[in-house]
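The residues making up each chain are set out below.
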Amino acid sequence: MPKKCNIGRTVMADFNEFARKLRCRFHFGNTESRGMHPFRQKSFYEQTPACFELENYLDLTKFELSNLDLRNNYYNFTKEQQLGLRSLKNMQDIIFSRNATSKSDKGGAIVISKKTHYIKEGLRQLNSIHYTEIQEPNLLLIKNNIQTQSNRMFDNGHLKQRGYKEHEILRNCESALNIERPELLRFKQESDKQIPLVFVTKYHFSLGNINKALRKHYKKLVRNAKCRELFPKPPMVAYSRHRNLKEILTRSVVQYEGLGQEPRCVGSWRIGKRG
């Protein structure tokens, strides 16, 4: 949870991003429903001011957000627990990893293991018969293998035992095999639907009146005909959660010099990303 002194700055930074999106939608319309590429690079384009009604709404709403009553912050952990959590995170000889202890547990458990044992077990699994390094993708071979396995499951009666009917199995297999790869990679056009106004910010218990502040001057915004068409519904608030213990302690990358990574000097960082 952020400190009290950082709550106001966080909300103002998120509101500036919210205002930028509103101005872009005013000038360019609902471009999200025009079949844009799903892997496009995120734009930070700063648009020029829009109409008077929109700018007036943004100024009044920003004033309302700046006057929010931010109550004193509290922590779920004591200072000793925070120091202990920080020391656990900085330990280099142990690894906190995610592991599913049962079928219903989707990686919810945290397993503590020694770093050398963790790397040794990972290399053992990668060097087993269950993993094969692919030099280059062979789509035709993969397609034939999938077809062979599906036919074998059909001939052995495994699919029928699960309740699937024979004509449904044959129809779905034939339909899947007739679809070409370029068609699968093509972006699927969604129906033209109105994208709601969403103000995204980090959750904090003292931001309970933020939704009221966003809707207070909405009627002044829709006085403009174009704004009434682009923003037919009042804005809503979406809270993004903070990192939990699992995300704080676990790591997605383990530094291991045996994998060809050269050890870095202490105190050096990669450009653009610290650590």
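Since we're looking at a predicted model, the values are computed, not measured.

Thresholds applied
- Residues numbered from 1 in each chain as written.
- Predicted model: local features only at pLDDT ≥ 70, side-chain atom pairs only at ≥ 80, totals over all residues.
- Heavy atoms only, no water.
- Helix = DSSP H or I, 4+ residues; strand = E, 2+ residues; numbered from the N terminus.
- Expected span 1.5 Å × (residues − 1).
- Buried < 20%, exposed > 50% of the residue type's maximum accessible area, 1.4 Å probe, protein only.
- Arc of directions from axis to C-beta.
- Pairing = 2+ DSSP bridges.
- pLDDT = per-residue confidence, 0-100.
- Contact = heavy atoms within 4.5 Å.
- Polar contact = N/O pair within 3.5 Å; in protein donor to acceptor, adjacent residues only side chain to side chain.
- Core = buried A, V, L, I, M, F, W, Y, C linked by side-chain atoms within 4.5 Å.

Helix length check: helix α2 (residues 52–66), at 15 residues, gives a terminal C-alpha distance of 21 Å against a target of 21 Å (1.5 Å per residue), a fit within 8%. All of the buried residues in α2 are Leu54, Glu55, Tyr57, Leu58, Thr61 and Leu65. Along the axis of α2, the buried residues cluster in a sector spanning 155°; they form a single face. Set apart from the buried face of α2 by more than 90 degrees, the exposed residues are Phe52, Asp59 and Phe63.

We now examine the pairing of strand β3 (residues 198–202). Residues Phe199 and Thr201 line the buried face of β3, whereas the alternating positions Val198, Val200 and Lys202 sit on a face that is not buried. Where β3 lies against strand β4 (residues 236–240), five bridges are found, and the strand directions are parallel. Within β4, the residue paired with Val198 across the bridge is Met236.

The next point concerns the confidence of the model for the chain. Any segment with low pLDDT has predicted coordinates that should not be analysed in fine detail. Across the chain, the average pLDDT comes to 76, with 75% of residues at or above 70. Residue range residues 259–275 is modelled with pLDDT below 50. Its contacts to residues more than four positions away, or to other chains, number nine contacts.

Once that is clear, we can look at the side chain of Thr61. Its location among the elements puts Thr61 in helix α2. Given a relative accessible area of 0%, Thr61 falls into the buried group. At 2.7 Å, the side chain of Thr61 forms a polar contact with the backbone oxygen of Tyr57. Not counting residues up to four positions away in its chain, the partners in contact with Thr61 are Phe15, Ala213, Leu214 and His217.

Turning next to the nonpolar core. Val11, Leu22, Leu54, Leu65 and Phe199 are the most contacted members of the largest nonpolar core, which has 28 residues in total. Elements with a minimum of two residues in this core: α1 (4–28), α2, α9 (210–215), α10 (218–221) and α11 (225–230). Counting residues per element, this core draws most heavily on α1, which supplies eight residues. Setting aside chain neighbours within four positions, we find Phe199 in contact with Val11, Asp14, Phe15, Phe18, Ile210, Leu214, Met236, Val237 and Ala238.

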